[in-house]
Amino acid sequence: MLHSSTQDTLVGLFVAAGIAGLFFLALQVCNLNYFTEQKGYTVTARFENSGGLKVKSPVSAAGVKIGQISDISFDPKTFESVVKMRIYSQYNSIPDDATASVFTAGLLGEQYVSLEPGGSSDYLKEGSNIEITQSAIILEKAIGQFLFKSAEEKK
Amino acid sequence: MSAESRSQNSLVSVRSLSFSRGDNNIFNDVSMDFERGKITAIMGPSGTGKTTLLKLIGGQLQPSQGSITVDGNDVHRLRRTELFNLRKRIGMLFQSGALLTDMNVYDNVAFPLREHTKLPESMIRSLVLMKLQAVGLRGARRLMPNELSGGMARRVALARAIALDPMMIMYDEPFTGQDPISKGVLVHLIKSLNVTLGLTTIIVSHDVSETAAIADYIYVVSGGEVIGEGTPEEIKHSGSEWVQQFMEGSADGPVHFHYPAREMQDDLFSSGKRY
Amino acid sequence: MLELIQTLGKSTRAGFTKLGRGTYFLLQTLTGILEIVPRPRLLLNQMYSVGVLSCLIISISGLFVGMVLGLQGFYILSDFGAEETLGVMVAASLVRELGPVVSALLFAGRAGSALTAEIGLMKATEQLSGMEMMAVDPIKRIISPRFLAGVISMPLLAALFSAIGILGGQIVGCGLLGVDDGSYWSQMQSKIDFFDDIINGVIKSFVFGFVTTWIALFEGYDTIPTSEGVSRATTRTVVNSAFSILGLDFILTALMFGDD
Ligand SMILES: Nc1ncnc2c1ncn2[C@@H]1O[C@H](COP(=O)(O)OP(=O)(O)OP(=O)(O)O)[C@@H](O)[C@H]1O
Ligand SMILES: [Mg+2]
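Residues numbered from 1 in each chain as written. Chains lettered and ligands numbered in written order. Predicted model: local features only at pLDDT ≥ 70, side-chain atom pairs only at ≥ 80, totals over all residues. Heavy atoms only, no water.

### As for the pairing of strand β4 (residues 80–88) of chain A
The side chains of a regular strand alternate, first on one face of the sheet and then on the other.
Residue and element names in this part refer to chain A.
Logical step 1: Across eight bridges, strand β1 (residues 40–47) lies against β4 in antiparallel orientation. Note on β4: the bridge partner recorded for Ala 45 is Val 83.
Logical step 2: Here strand β3 (residues 64–75) folds back onto β4 in antiparallel fashion, the turn holding four residues, of which Phe 79 has a positive phi close to 55 degrees. (Pairing = 2+ DSSP bridges. Helix = DSSP H or I, 4+ residues; strand = E, 2+ residues; numbered from the N terminus.)

### A look at the coordination of the magnesium ion (ligand 2)
Residues and elements named next belong to chain B.
Logical step 1: Of the protein atoms, only Thr 51 (OG1) and Gln 95 (OE1) coordinate the magnesium ion (ligand 2), at distances of 1.9 to 2.3 Å. Residue Thr 51 is found in helix α2 (residues 50–57), and its partner Gln 95 is found in the loop between β6 (90–93) and α4 (105–116); the two are separated by 44 residues along the sequence.
Logical step 2: The class for Thr 51 is partly exposed, based on a relative accessible area of 23%.
Logical step 3: Overall, Gln 95 belongs to the partly exposed group, its relative accessible area being 35%. (Donors = N, O, S within 2.8 Å, 3.2 Å for Na, K, Ca; no water. Buried < 20%, exposed > 50% of the residue type's maximum accessible area, 1.4 Å probe, protein only.)

### Quick look at the packing of helix α2 (residues 40–79) of chain C against helix α5 (residues 138–176) of chain C
Residue and element names in this part refer to chain C.
Logical step 1: In the contact formed by α2 and α5, the axes pass within 6 Å of each other and the chain directions differ by 25 degrees. Relative to α5, the element α2 is oriented roughly parallel. For the pair α2 and α5, the sense of crossing is right-handed.
Logical step 2: Here the residues of the contact of α2 with α5 are counted per class, giving 19 nonpolar, 13 polar and two charged. (Axes fitted to C-alpha atoms, helices over the stretch in contact; angles between N-to-C directions. Parallel < 35°, antiparallel > 145°, perpendicular 65-115°, else oblique. Left-handed = near helix turned anticlockwise from the far one by under 90°. Nonpolar A, V, L, I, M, F, W, Y, C, P; charged D, E, K, R; others polar.)

### Comments concerning a nonpolar patch on the surface
All names here are of chain A.
Logical step 1: Together, Leu 139, Ile 143, Phe 146 and Leu 147 line one region of the surface with nonpolar side chains, adding up to about 430 Å² of accessible area.
Logical step 2: Relative to the helices and strands, Phe 146 is located in helix α2 (residues 139–154).
Logical step 3: Of the residues examined, Phe 146 reaches a relative accessible area of 57% and is grouped as exposed. (Patch = residues over 30% accessible without salt bridge, like charges linked within 9 Å, V, L, I, M, F, W, Y side chains within 5 Å. Areas by Shrake-Rupley, 256 points an atom, 1.4 Å probe, with all protein chains shown as cover. Salt bridge = Lys/Arg side-chain N within 4 Å of Asp/Glu carboxyl O.)

### Focus: helix α1 (residues 2–33) of chain C
Logical step 1: Taking 1.5 Å of rise per residue, 32 residues should cover 46 Å, and α1 of chain C covers 46 Å from first to last C-alpha, within 8% of that figure.
Logical step 2: Turning to α1 of chain C, the residues buried within the fold contact α5 and α7 (194–221) of chain C. (Expected span 1.5 Å × (residues − 1). Contact = heavy atoms within 4.5 Å.)

### Observations regarding the nonpolar core
The tendency in soluble globular proteins is for nonpolar side chains to be buried as a group.
Logical step 1: Counting residues in each nonpolar core, the largest one holds 70 residues, and the members touching the most others are Leu 25 and Val 29 of chain A together with Ile 166, Tyr 184 and Met 188 of chain C.
Logical step 2: Contact partners of Val 29 of chain A, with chain neighbours within four places excluded, come to Phe 24 of chain A together with Ala 91, Ile 166, Met 188, Gln 189 and Ile 192 of chain C.
Logical step 3: Of all hydrophobic cores here, the second largest spans 46 residues; its members include Ala 153, Leu 158, Ala 163 and Met 247 of chain B. (Core = buried A, V, L, I, M, F, W, Y, C linked by side-chain atoms within 4.5 Å.)

### Focus on the packing of helix α3 (residues 86–124) of chain C against α7 of chain C
All names here are of chain C.
Logical step 1: Between α3 and α7, whose axes approach to 8 Å, the crossing angle comes to 20 degrees. Accordingly, the angle class assigned to the pair α3 and α7 is roughly parallel. The way α3 lies across α7 gives a crossing that is right-handed.
Logical step 2: Residue composition of the contact of α3 with α7, by class: 13 nonpolar, eight polar and six charged.

### Side note on the sheet that holds strand β6 (residues 111–116) of chain A
Logical step 1: Strands sit in the order β7-β1-β4-β3-β2-β6-β5-β8 (chain A) across an open sheet of eight strands; the sheet is mixed. One side of each edge strand has no neighbouring strand; the edge strands of this open sheet are β7 (129–130) and β8 (132–134) of chain A.

### With respect to the packing of aromatic side chains
Residues and elements named next belong to chain C.
Logical step 1: Applying the stated rule across the entire model yields twelve aromatic pairs over all chains.
Logical step 2: Here Phe 74 and Tyr 75 contribute two aromatic rings whose centre-to-centre distance is 5.8 Å and whose plane-to-plane angle is 70 degrees, an arrangement assigned as edge-to-face.
Logical step 3: We classify Phe 74 as buried; its relative accessible area is 13%.
Logical step 4: In this structure Tyr 75 comes out as partly exposed when scored by relative accessible area, which is 48%.
Logical step 5: Each ring, one from Tyr 184 and one from Trp 185, has its centre 5.3 Å from the other, and the planes form 90 degrees; the classification is edge-to-face. (Phe/Tyr/Trp six-rings, centres within 6.5 Å; stacked < 30°, edge-to-face > 60°.)

### Considering the interface of chain C and chain A
Logical step 1: If you look at the interface, chain C gives 33 residues, while chain A gives 32 residues.
Logical step 2: Approximately 2,700 Å² of surface area, both sides summed, lies buried where chain C meets chain A, with 73% of it carried by carbon and sulfur atoms.
Logical step 3: Taken together, chain C and chain A are joined by one salt bridge.
Logical step 4: Across the pair Asp 8 of chain A and Arg 41 of chain C runs a salt bridge whose closest N-O atoms are separated by 2.7 Å. (Buried area = accessible area lost by both parts, 1.4 Å probe.)

### With respect to unusual backbone geometry
Logical step 1: Even without being glycine, Ala 98 of chain B reaches a positive phi, approximately 55 degrees.
Logical step 2: Here Ala 98 of chain B shows up in the loop between β6 and α4.
Logical step 3: Residue Ala 98 of chain B is classed as buried on the basis of its relative accessible area, which comes to 3%.
Logical step 4: Non-glycine residue Glu 126 of chain C carries a positive phi angle of around 65 degrees.
Logical step 5: Within the fold, Glu 126 of chain C resides in the loop between α3 and α4 (127–133).

### Thoughts on the site of ligand 1
Residue and element names in this part refer to chain B.
Logical step 1: Taken together, the neighbourhood of ligand 1 is formed by 13 residues, with Ser 46, Lys 50, Thr 51, Thr 52 and Gln 95 sitting nearest.
Logical step 2: Residue Thr 48 places a main-chain N or O atom 3.3 Å away from an oxygen atom belonging to ligand 1.
Logical step 3: Bound to the protein, ligand 1 loses 62% of the 640 Å² it would expose on its own.
Logical step 4: Elements with a contribution of two residues or more to the shell around ligand 1: β2 (24–35) and α2.
Logical step 5: Taken together, the residues of the shell around ligand 1 break down into one nonpolar, nine polar and three charged. (Near = heavy atom within 4 Å. Polar contact = N/O pair within 3.5 Å; in protein donor to acceptor, adjacent residues only side chain to side chain.)

### Notes on the pairing of β3 of chain A
All names here are of chain A.
Logical step 1: Relative to β3, strand β2 (residues 58–61) runs antiparallel, the two being bridged by four bridges. The partner of Val 59 across the bridge, within β3, is Gly 67.
Logical step 2: As judged from the eight bridges shared by β3 and β4, these two strands associate in the antiparallel manner. The residue of β4 that forms the bridge with Ile 72 is Val 83.

### Topic: empty space enclosed by the protein
Logical step 1: This model, assessed by the stated rule, comprises three cavities of 30 Å³ or more.
Logical step 2: Of the volumes computed, that of the largest cavity is approximately 140 Å³.
Logical step 3: Lining the largest cavity we find 14 residues, and of these Ile 90, Gly 91, Arg 160 and Ala 161 of chain B together with Met 134 of chain C sit closest to its centre.
Logical step 4: Those elements giving two or more residues to the lining of the largest cavity turn out to be β6 and α6 (150–161) of chain B together with α4 of chain C.
Logical step 5: Split by residue class, the lining of the largest cavity holds nine nonpolar, two polar and three charged. (1 Å grid on protein atoms, 1.4 Å probe; cavity = no way out; pocket = protein on both sides within 12 Å on 5 of 7 lines; lining within 4 Å. Points joined across faces, edges and corners; volume = space filled by probe spheres on them.)

### Looking at the sheet that holds strand β8 (residues 200–204) of chain B
Strands pair in a sheet through their backbones, by hydrogen bonds, and they do so in one of two ways: parallel or antiparallel.
Residue and element names in this part refer to chain B.
Logical step 1: What the six strands build is an open sheet, ordered β6-β7-β8-β3-β9-β10; its pairing is mixed. The sheet is open, and its two borders are formed by β6 and β10 (225–230), each paired with just one other strand. Averaged over all adjacent pairs, the angle separating strand axes in this sheet is 15 degrees, with direction ignored.
Logical step 2: Two strands pair when backbone bridges link them, and strand β7 (residues 168–172) and β8 are joined in this way by five bridges, in the parallel orientation. Among the inter-strand pairings, Asp 172 is bridged to a residue of β8, identified as Val 204.
Logical step 3: Sheet strands in contact with α2 are β3 (39–43), β6, β7, β8 and β9 (217–222), and its direction is about 155 degrees off that of β7.

Below, the structure written as structure tokens:
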């Protein structure tokens, strides 16, 4: 039988380790930063089709993550997908004529939004709209088009 | 002393008690009285239900008929909290000791004090040491129950049973496994607890001479009935063959040494069946 | 034939009465928990034997399960050129399934069997009955603190298991097999959801902890007080806990992740 104070210490360590595990899961694994939410600004882009994009999918520029999707909704008037994304505030000099495209990382990988800067001297800020967008490539569609085209060319 | 005055002065009275386990009738319409401040012994062959009787008195088993009153309370009619309050005033020494194996001797004796009182640790310490001193095991207080001999464990259990200074104490075979010296000490201890504290004592024992030496009254039970009762003197000179056989320890007599069975010969030569 | 039906009927009845006793036992245990509040020491001692002593086996198993997931996952995913999603695969399987289930199975084997044997032996050596005669309710004094300790420890152990497993997967995936560290974490972070995955996993392990500890304590309390009785009860604890964990896991998974 251990001395009871040693036992208490070990119980304390155990509980601390368990809670640390939970925090690790919450913060590192699912990046739950409701509390520590990074400062940023929200911009909106409208896509004809946002494909498999989800809330929390990354937003990147030149391959570097600069923010994440915060909301996706459907506009019943224009039949477009309205994607809100939160860009971290340190990236505050992205030209407002940037192009937003939905890409897929790898063949089966997740989808993300890539911003390609244009040449404007005005920057994106809270509430900006990204005008130029390129929809997700839907694999089935692409294959269909490819087959259709090659059939046409043969004629 | 007349039976009437005994029953008037009794702390525990058992009235037409019947109890059975399955088909095994352990008690048939038994009545007994345990007088206040006296030592009453229950004797009887192994397996007649002495331990069972103590458990019935403690309210751990329900009788099929009859009643048991302890200090005016019908044990089996009490609500749980009332029963627990009653039990705080009853000490019981189990046949096996029943020490808590995850605590040492000291903590075992301190257990009822810590559970039922809010005494400061320093006072608990003096009480525990006093009780351990009484059973001669003050020096063994740091040992764990598995480091004790059977006899020592029983003495620790005795110290624990008297920790709360109960009004009444029940001993289940306190002498078994004790060497002659500690047997003598225990006999003396039981007697002096009884005399100095006025502790009503119920003692179950096979040790005829030790028990007869301290008991004020003896019940001899066998086959689910009281087959003899009286002061040790009366019992010794009892006319009943049954009682005589038990007190003298002879194998043959009206009380059977064997558990009921068919003839030995039949059993040995019956073929086929396993049992 | 008639005999067969009779045995069936008998065992059904026995099963139901046992369930009834078990439920009553659980209710008593739960009411007893209130009385632990003023006596945290009772709980602390049990947290030690139930939680701390299970830590080692849980951590080591978590590490190895995570490492194997990293290895297997890598080989499968690299066929599709999707090694970057290794983190998602490791984390999702651990947090949703393997963490709660495997740690609960280990818990049943490590802590559950020990609880049954302890309580069973206390019964066999008349300690429980002795306590009752000392006017101490063994359920409140012995059972409730152990139950609470089990219910608290299980989610902590499962979280530890998953966290260590995810690190194990990272060691193998990124350290040995060359998956990019950044994408291991970022892919994981974008796919694992706090409520859908983490909280559901915690709920699962809480339910498993509740059921396993209940089974272990009840089997001990209900044991036939002999050495054989105790040994059988211990076996039953492990077997019944395993069945309950796997069965409940199926049900909970269907309820939680079904409409995804
Ligand atoms: N749990 C039980 N289930 C069924 N029968 C039991 C149980 N406990 C005891 N018995 C039976 O009850 C009878 C009385 O047992 P008990 O322990 O009271 O005897 P005893 O007089 O104390 O014997 P001993 O002097 O050997 O201690 C025995 O015949 C025994 O077979
Ligand atoms: Mg006995």
